[in-house]
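Residue-level listing of the chains:
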Amino acid sequence: MSFSTRSKAFAYPVLVADIGGTNARFALVDDASAPTRMCGKTATAGHPDISSAIREVVMNGAGPTPRTAIIAVAGPVTGDRIPLTNAAWVIEPLKMIADLGLEEVIVLNDFEAQALALPGYRGEDVEQVGSGAIRKESAKFVLGPGTGLGAAAMIYASNTWIPVPGEGGHVELGPVTAEDMDLWPHIERVGERLGAEQILSGTGLPRLARGVAAHLKADRSFATAADITAAAENNDPVAVKTLEVFARALGRVAGDFALTVLARGGVYLTGGVTPRITRFLTDGGFREAFEAKAPHEALMAKIPTFIVRHPDPALEGLASFARTPDAFAVDMQGRQWMNGAA
């Protein structure tokens, strides 16, 4: 396996890009000591490919041309053609090099980028939920309910941060409390199972709400996660109960991951759903479920949990890697393309 313990810096300026199903966000890192310079975002549907978007947003004559590109995409990176899950683009690094005159392109998983941001968070970048304190140079975990449920660990070993992406959002999620026992039979299964993402995501929230409505014998229908959060703001009982169950279940899953890697450096919540349900994450239910891991309640009480408030965490993670690649051990196998590669 090839890792990025590089003996030299990237060729600057470095373009960093967070490519989602709806929007692509771009920033530049001019040198190893430079702050992240935001370039802007654009709708993926507005461009035939990533090169077109970069030309419009980044290479518009406003500054120096990037020499390296480090890109985060949702999903696994396999082969020279990387299709996006929820957009029409196919990322082709060798074509990008030819189209844009780049020297190097690196493509990482989106939650790998989220993990790369964790060691650098300061001050208002995060909001703590509950007790606990960060232990320096200890494992961290990031969990993000968005369209799906992303997850990644950041491990510290041999004076190096090692991001470990995976498909943790698909772990099993079963009932625990008496209320859960009554509610769970009403929740629709997917593939004869109930994985965490099937509830703890923007796409899963309506499924959970249907189960809650059936459990409460209420005539209610929500088409989207936004419908549920809006109804909860108006104290709709089904929407409120849905988000209470959501927060507790998210706390349980976050606690499971904290135990798995002993995340004494903290567990961080990101994703598009998280900022819309803050009051349900801070009312005590999330943290209570996080800590309820007998016989390890005392250990869990010492592990801090945070809501990420940084507006562009994936971009900032990529920018941290661009500035100090030697601080991270990133698996480069099959994810790095150089000018002149066949």
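Above this note sits the structure.
What comes next concerns the included structure. (Residues numbered from 1 in each chain as written. Predicted model: local features only at pLDDT ≥ 70, side-chain atom pairs only at ≥ 80, totals over all residues. Heavy atoms only, no water.)

1. Things to note about the packing of aromatic side chains
Let me state the cut-off plainly: When two rings of Phe, Tyr or Trp (its six-membered ring) have centres within 6.5 Å they constitute a pair, described as stacked for plane angles under 30 degrees, edge-to-face for angles over 60, and tilted for the intermediate range. Secondary structure elements are defined from DSSP: runs of H or I of at least 4 residues count as helices, runs of E of at least 2 residues count as strands, and each element is numbered from the N terminus. Burial classification: accessible surface area is computed with a 1.4 Å probe over protein chains only, and a residue below 20% of its type maximum counts as buried, one above 50% as exposed, and the rest as partly exposed.
Tallied over the entire structure, the rule returns 7 aromatic pairs. Aromatic pair F286 and F290: ring centres 6.4 Å apart, planes at 25°, arrangement stacked. Highlighted residues: F286 and F290, both in helix α9 (residues 285-291), separated by 4 residues, approximately one helical turn. Exposure remark for F290: the relative accessible area of 0% places this residue in the buried category. Geometrically, the ring pair formed by F321 and F328 is edge-to-face, given 6.3 Å between the ring centres and 80° between the ring planes. Judged on exposure class, the residue F321 and its partner F328 are both buried. An aromatic cluster of at least three residues, connected via ring pairs, comprises F10, F321 and F328.

2. Thoughts on helix α6 (residues 225-233)
We apply this condition: To obtain the arc, one takes the directions from the helix axis to the C-beta atoms.
Looking at α6, one finds that the buried residues are A225, I228, T229, A231 and A232. Here the buried residues of α6 occupy an arc of 160° about the axis, which is enough to place them on one side. Following α6 by one or two positions, N235 adopts a phi angle in the positive range, close to 65°.

3. Points about the sheet that holds strand β3 (residues 37-43)
Adjacent strands of a sheet pair through backbone hydrogen bonds, lying either parallel or antiparallel. Which entries qualify depends on this criterion: Note on pairing: DSSP must find at least two bridges between two strands before they are called paired. Throughout, an axis means a line fitted to C-alpha atoms (over the contacting stretch in the case of helices), and angles, computed between N-to-C directions, take values from 0 to 180 degrees. Note on definitions: a residue-residue contact is assigned when non-hydrogen atoms from the two residues lie within 4.5 Å.
Pairing within the open sheet is mixed, and its 6 strands lie in the order β3-β2-β1-β4-β7-β14. Each of the sheet's edge strands pairs with one partner strand only, and the pair in question is β3 and β14 (336-338). Neighbour-to-neighbour, the strand axes of this sheet turn through a mean angle of 15°, independent of strand direction. Sheet topology places strand β1 (residues 14-19) next to strand β2 (residues 23-29); 6 bridges connect them, and they run antiparallel. Counterpart to A17 in the pairing with β2 is F26. In this fold helix α1 (residues 50-57) packs onto β1, β2, β3 and β4 (68-73), with an angle of close to 130° to the strand it touches most, β3. Across the face of the sheet, helix α3 (residues 110-117) comes into contact with β4 and β7 (104-109) while running at roughly 90° to β7.

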